[in-house]
Amino acid sequence: MRRRNAISRSLEDRVLDTVNIVLLVIIAFITMYPFYYILILSFNDGGDAIRGGIYFWPRSFSLENFQQFFESSKWMRSLIVTVARTVAGTAIGVMFTCVVSYGLSKKDLVYHGIYMKILIIAMYFSGGLIPYYILLKSLRLLNTFAVYVIPGALNIFFVMICISFFRDIPEELIESAYLDGSTEFNTFLKIVLPVSLPLLATMTLFIGVGHWNSWIDSAYYVRSENLRTLSYRMMEVINQTMQPEDPTARLYAAESSRATTQSMQMAAMVVALGPIMCVYPFLQKYFAKGIMLGAVKG
Amino acid sequence: MSKKRIVSLLIALMFIVPLVQLPAAAAEAEPVELELFINHTWWPLKTWAGEVPEYITKQTGVRPVVTVAADMQQLPLMLASGDLPDIIYCDNTGNMQSRLADPSLCWAWEDLTAQYKPDFQWDEERAKLYRQEDGKFYTILNNYSTKSELENSPAALIGVGSPTLQRGLYEELGSPQINTLEDYFNVLLAAKEAFPDKVPAVINTNWIGMGQTSSMFLTQYGLDYNGFSLDEATDTLQYYIYQQNRLDYYKYINALYRNGLILPENFAFNNEDESYQYAYNLECFSYIKGSSATELNSKCADLGIESDWFDLNVALGYGSTFKIYERNVGWSGLYIAKNNSNPQKTADFLTYLFTEEGMRTAFWGIEGTHWTLHEDGYPVFIPEFNDPLWQDAVGLTEWGLLSGTWVTERLASYNPDDEFILDKLRLSDQAKENTVYCSAVGLVSPKADSDEQIILTKLNDMVKNEEVKLFLATSEEECEKAYSDMLARAEQLGVKDLDAWANEAYQTAKSIMED
């Protein structure tokens with residue numbers, strides 16, 4: 001039998017690699033093309049875009065869509081609200097989750113078992129949309145900015161991961177802090193959190209993306225136009241073109257249409273996607289590492 | 001009196017007089033803000049802003065804070081959680097009208113006005129249509145006019161949609177006469193042969209079959225788009241797919257498809273932009289949206305494309321036996337929540353909208369500023385009226401849909417200076433001559449969560465799925481078989497029981513109409 005050189009590759013290997021590469025290129029193209037299409041349409045003149053036939057580059061290059069977006073008080077206000085809720089919601093979510101998790105990571109915590117049972121039940125079961133709405137109403141959170149950041153402050157999935165992670169921190173490290181006279185909270189801030197950076201980065205990314213993309217809370221729990229988020233605005237333009245169920249209403253919808261041009265919608269999507277796509281690559285190393293933290297030992 | 005004293009007195013008066021006027025100024029207090037929830041995701045006016053809404057606010061002392069539904073789950077969520085807005089405007093999607101007609105949820109209008117506006121009298125001829133089992137009415141739907149109102153308003157034209165063609169191509173074919181659906185079919189065949197690079201016909205996505213009321217072909221065949229249809233000979237109701245000529249309609253659309261006169265993907269377009277592309281690029285011979293030449297030529301001009309679209313202005317299906325069964329009793333209405341924050345002002349707002357002045361202002365604008373009334377009873381608008389941008393700026397015309405009648409709405413479209421007005425008048429007169437008014441049929445609607453509603457929902461879903469097979473059948477025989485299969489499925493789902501219930505309800509509705 002012919003011995004295969006460790007470095008040279010057989011015909012079968014080359015064929016397999018070629019097929020793999022071709023398939024992956026096709027899949028990558030199919031996956032990436034919709035985003036690319038959105039990008040080129042956003043840079044194409046709106047009126048010209050209606051004619052269709054744009055596939056690989058803008059036929060009539062124009063920055064007017066972005067100009068209209070940034071000049072529109074409606075869109076800018078929603079962008080500001082989205083940025084504000086993402087920053088505030090992420091900071092509150094990360095801090096709240098970490099604090100709760102640190103407390104629950106202490107095995108000598110009184111009623112530890114009961115707390116864990118409550119968390120696990122809450123993670124798997126939900127009261128449903130209507131009880132949740134009633135709860136928000138009774139807490140007077142409806143139609144306020146707080147409805148974006150308060151209900152989601154504790155992310156139970158990450159609580160589980162954080163508990164496992166914090167338990168892995170050497171006990172000696174924490175004891176040495178106590179011996180130096182540090183308080184519990186000071187130890188958490190100055191010893192525990194600094195060694196938990198991968199975890200914090202992962203949580204920041206997940207929670208931040210969740211806040212950035214969320215539109216249901218803006219649709220259902222808010223009525224003020226000044227509190228609408230960017231994702232809600234995009235759902236709004238999509239819904240404007242959706243056909244009503246009632247046939248007579250459909251007639252009026254067709255006649256009354258002031259639908260945002262397709263290219264303006266694309267510009268809004270680029271603005272919404274842009275920040276996340278810029279941040280993601282930088283945090284990806286933390287994401288891959290952090291998501292496994294504590295997962296096996298949990 | 002010394003000069004010093006006089007000056008002091010004058011200064012004092014300068015302070016006192018405004019204070020004395022303050023109570024009067026306070027009486028013209030800030031308008032009351034009421035939540036107005038519009039349960040239509042497509043609603044274009046997101047705020048109560050503009051010259052016309054402000055005028056209405058001045059008349060009523062109410063400034064609605066508008067929220068447009070994000071999706072169709074929002075109102076059911078508010079309803080289930082008991083957190084209804086002050087005023088809700090909705091159609092019957094999800095049986096919302098049936099659910100809101102509940103004394104624990106909404107005010108009965110006569111109770112509201114009896115308590116807060118006792119001098120206002122509702123039009124009983126309109127109100128009787130919407131009385132519930134408890135004898136009260138919780139809304140009055142828009143877009144309905146009585147037969148006498150229609151007859152007294154000749155300028156309220158019935159729009160009759162017809163195909164839009166490219167004039168240059170049509171003349172190349174020799175300008176053949178197109179008077180019937182068969183003529184139109186033959187012209188499309190000729191266009192297909194003469195212009196192989198053009199799609200013979202493209203149907204606007206909002207105007208394609210499958211239950212679309214606006215489908216030009218449904219209208220041309222005199223067919224209903226949902227619910228129950230009237231068999232005039234026996235004066236009974238049947239589920240709409242049993243209506244006479246329905247199979248002919250399916251076979252016609254199928255023939256268009258089988259002969260390559262419409263694109264298969266026309267049935268798969270998600271929004272009308274996809275169909276408009278063919279029209280704007282002049283890639284189709286005929287565009288079907290129901291007389292849209294003005295719109296197409298205007299858009300093409302904006303895009304720098306020379307076009308010559310024209311409307312046929314012919315009622316293609318109006319044969320000797322043609323009938324239109326007019327079942328309309330309105331489609332959307334206002335509901336006043338029981339937890340309304342200010343019933344007094346709500347009553348003021350509501351009653352104003354339902355006066356003739358209120359309807360006309362909301363639909364047409366401010367009398368004397370935006371329109372004047374012609375002696376023949378139709379409005380004469382200022383030139384800007386047909387400019388959509390101007391309409392947006394002044395807050396027209398959709399607020400007129402809150403309460404406006406069909407006549408008010410149609411009069412807004414009447415333009416005696418329109419170059420095609422004679423055609424439109426002719427078509428409207430033809431339509432009116434062939435119309436059988438049977439509003440009692442429109443009143444037959446099952447209650448939410450009733451057995452009949454469940455059967456009706458299942459039937460509607462079944463038809464939505466089955467109709468595609470009829471349109472895309474590969475032969476006329478297959479189309480006929482698919483229709484028979486659809487009827488058989490309808491029977492399995494309980495259509496006979498539904499028809500039996502509908503005929504009982506129809507007798508009750510007829511007695512209401514005759515009262």
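Structure's up top.
I will try to describe carefully the structure that is included in this document. (Residues numbered from 1 in each chain as written. Chains lettered and ligands numbered in written order. Predicted model: local features only at pLDDT ≥ 70, side-chain atom pairs only at ≥ 80, totals over all residues. Heavy atoms only, no water.)

**Some points on the state of the cysteines**
Residues and elements named next belong to chain B.
Here's step 1: For the coordinates displayed, the defined rule picks out zero disulfides over all chains.
Here's step 2: Sulfur of cysteine 90: no disulfide; nearest cysteine sulfur belongs to cysteine 106 and is 8.3 Å away.
Here's step 3: A residue is classified by how much of its surface remains accessible, and cysteine 90, at 0% relative accessible area, is buried. (Disulfide = S-S within 2.5 Å. Buried < 20%, exposed > 50% of the residue type's maximum accessible area, 1.4 Å probe, protein only.)

**Focus on the packing of helix H5 (residues 109-116) of chain B against helix H14 (residues 343-353) of chain B**
All names here are of chain B.
Here's step 1: Orientation of H5 relative to H14, taken along the N-to-C sense of each, is 115 degrees, at an axis distance of 9 Å. Taken as axis vectors, H5 and H14 run roughly perpendicular relative to one another. Considering how the two elements wind past one another, H5 and H14 form a crossing that is left-handed. Contact residues: H5 offers Trp109, Leu112, Thr113 and Tyr116, while H14 offers Pro343, Gln344, Ala347, Leu350 and Thr351.
Here's step 2: Of the residues contributing to the contact of H5 with H14, the split by class is six nonpolar, three polar and no charged. (Axes fitted to C-alpha atoms, helices over the stretch in contact; angles between N-to-C directions. Helix = DSSP H or I, 4+ residues; strand = E, 2+ residues; numbered from the N terminus. Parallel < 35°, antiparallel > 145°, perpendicular 65-115°, else oblique. Left-handed = near helix turned anticlockwise from the far one by under 90°. Contact = heavy atoms within 4.5 Å. Nonpolar A, V, L, I, M, F, W, Y, C, P; charged D, E, K, R; others polar.)

**Quick notes on helix H22 (residues 495-514) of chain B**
All names here are of chain B.
Here's step 1: An ideal rise of 1.5 Å per residue puts 28 Å on 20 residues; H22 measures up with 28 Å between its terminal C-alpha atoms.
Here's step 2: Among all positions in H22, only Val495, Leu498, Asp499, Ala502, Asn503, Tyr506, Ala509 and Lys510 are buried. Burial along H22 is one-sided: seen end-on, the buried residues are contained in an arc of 140 degrees. Turned more than 90 degrees from where H22 packs its buried face, Asp497 and Glu504 sit exposed.
Here's step 3: Looking at the buried positions of H22, the neighbouring elements they touch are strand S6 (228-231), strand S7 (236-239), helix H19 (439-442), helix H20 (451-471) and helix H21 (476-492). (Expected span 1.5 Å × (residues − 1). Arc of directions from axis to C-beta.)

**Focus on helix H3 (residues 64-71) of chain A**
Here's step 1: If you check which residues of H3 of chain A are buried, you get Asn65, Phe66 and Phe69 of chain A. End-on, the buried residues of H3 of chain A take up no more than an arc of 95 degrees, which puts them together on one face.

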